[in-house]
Amino acid sequence: MRSISVFIVLLLGSYLAAQSRQVFSLPAMGTEFRIIVSARDTHGLHRTIRRAFQRVEALEQSMSDYRADSELNQLRGSTEWQHVSADLYTVLRFSRKLARLSRGAFDPTIGPLTKLWRRAFRQQAVPAEEDIEAARTRVQWKAVKTGRHNQVRLRRPDIQLDLGGVAKGYALDQVGALLRQAGFPAFLVDGGGDLLLGAAPPDQPAGWFIAFPGSTKQHPFANTAIA
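Each chain has its residues counted from 1, running along the sequence as written. Only residues with pLDDT of 70 or above have their local features reported here, since the model is predicted, and side-chain atom pairs are shown and tallied only from 80 upward, although totals for entire chains, interfaces and linings are computed over all residues. The basis for every side-chain value is the complete set of non-hydrogen atoms in the structure, without hydrogens or water.

Caption draft 1: Here's a closer look at the sheet that holds strand S5 (residues 151–154). In space, the three strands of this open sheet follow the order S3-S5-S4, with antiparallel pairing throughout. What marks the edges here is a single partner per strand, and that holds for strand S3 (82–83) and strand S4 (144–146). For this analysis, residues touch if any pair of their heavy atoms sits within 4.5 Å. Angles run from 0 to 180 degrees between N-to-C directions of axes, and those axes are lines fitted to C-alpha atoms, restricted for helices to the stretch in contact. Secondary structure elements are defined from DSSP: runs of H or I of at least 4 residues count as helices, runs of E of at least 2 residues count as strands, and each element is numbered from the N terminus. Seen against the sheet, helix H3 (residues 86–101) touches S4 and S5 and runs at an angle of roughly 120° to S4. At least two bridges found by DSSP between two strands are what make those strands a pair.

Here it is as structure tokens:
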């Protein structure tokens, strides 16, 4: 009987370990970043999560258009070549490429229009047509130049950058890379609705299950990025 009891305890312990799922959150980038990790062995997990959130906070400080002292906003007002961090350089190069491929449908210099409509939302009033047109004249992705060795130049001093369409996705990728490198491949990172999913949880070989608002069904996803 004792051997049977020991076997049951071990079996239950193994089952619970396989079910181990921890959730961590941090207010960042105007939303709540959540990291859900499923792992049998969680040794070193809390240290990894701290590093991940520190990475998110550093990226926000670099790319935020809300923070006056952000690295992104420090580029304004100058048309000289400026040295930026590797992260900001990478995202600006990607943004410029995306703007070119989309023929301007995505534009990292949309800042003047973003600011105008944010104010309109707060005041619950549609901006005047002349204000919209004036803001449009300052939106031009070709005014952003990237050179070698993390050098960036704005061809107009009134260019206002807004990386809201890509910065959060870049942060998700960075967090995912950290988790994988630390040995936690089964994760889900939620950046206010932007999702990055890693490997399937040990107890859910079909993948992560996502419940969509208004739906009574859960849908499995694995190794998928949803933006």
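There is more to say after this.
Caption draft 2: Just the packing of helix H2 (residues 45–63) against H3, in detail. Close contact between H2 and H3 brings their axes to 10 Å; oriented N to C, the two are set at 65°. Considering how the two elements wind past one another, H2 and H3 form a crossing that is right-handed. Counting all contacts with H2, which are made through Arg55, Leu59, Ser62 and Met63, the residues of H3 involved are Asp87, Leu88 and Val91. Left-handed is the label given to a crossing in which the near helix is rotated counterclockwise from the far helix by less than a right angle, and right-handed is the label when the rotation is clockwise.

Caption draft 3: Layout of the pattern of salt bridges. Basic side-chain nitrogens of Lys or Arg form a salt bridge, by our definition, when they fall within 4 Å of a carboxyl oxygen of Asp or Glu. Overall, the coordinates contain eight salt bridges when judged by the stated rule. Between Arg21 and Asp203 there is a salt bridge whose closest N-O contact spans 3.2 Å. Taken as a pair, Arg21 in strand S1 (residues 21–28) and Asp203 in the loop between strand S7 (194–197) and strand S8 (208–211) lie far apart in primary sequence, 182 residues in all.

Caption draft 4: Fine view of the packing of helix H4 (residues 111–123) against helix H5 (residues 129–136). Where H4 contacts H5, the two axes come as close as 8 Å, and the packing angle between them is 155°. Taken together, the axes of H4 and H5 lie roughly antiparallel to each other. The way H4 lies across H5 gives a crossing that is right-handed. Every residue of H5 that contacts H4 at Pro112, Leu113, Leu116 and Trp117 is listed here: Asp131, Ile132, Ala135 and Arg136. For this scheme, ten residues count as nonpolar: Ala, Val, Leu, Ile, Met, Phe, Trp, Tyr, Cys and Pro. Four count as charged, namely Asp, Glu, Lys and Arg, and the remainder, Gly too, count as polar. The residue inventory of the contact of H4 with H5, partitioned by class, reads six nonpolar, no polar and two charged. The labels follow the angle: roughly parallel below 35 degrees, roughly antiparallel above 145, roughly perpendicular from 65 to 115, and oblique for the rest.

Caption draft 5: Highlighting the pairing of S1. Bridge count for S1 against strand S2 (residues 31–38) is eight bridges, and the pairing is antiparallel. The residue of S2 that forms the bridge with Phe24 is Ile35.

Caption draft 6: Looking closely at H3. Here, expected helix span is obtained from the residue count minus one, scaled by 1.5 Å. When the terminal C-alpha atoms of H3 are compared, their 23 Å separation across 16 residues agrees well with the 22 Å that a helix rising 1.5 Å per residue should span. The inward-facing, buried residues of H3 contact H2, S4, S5 and helix H6 (167–181).

Caption draft 7: Up close: the environment of Ala39. Mapped onto the elements, Ala39 comes out in the loop between S2 and H2. On the accessibility criterion, Ala39 (8% relative accessible area) is buried. The spatial distance from the C-alpha of Ala39 to the C-alpha of Pro185 is 8.4 Å, given a sequence separation of 146 residues. Partly exposed residues are those whose accessible area sits between 20% and 50% of the maximum for their type, while under 20% is buried and over 50% is exposed, using a 1.4 Å probe and protein chains only.

Caption draft 8: Seen up close, the environment of Gly165. Within the secondary structure, Gly165 sits in the loop between S5 and H6. For the pair formed by Gly165 and Pro108, sequence separation is 57 residues and the distance between their alpha carbons is 8.2 Å.

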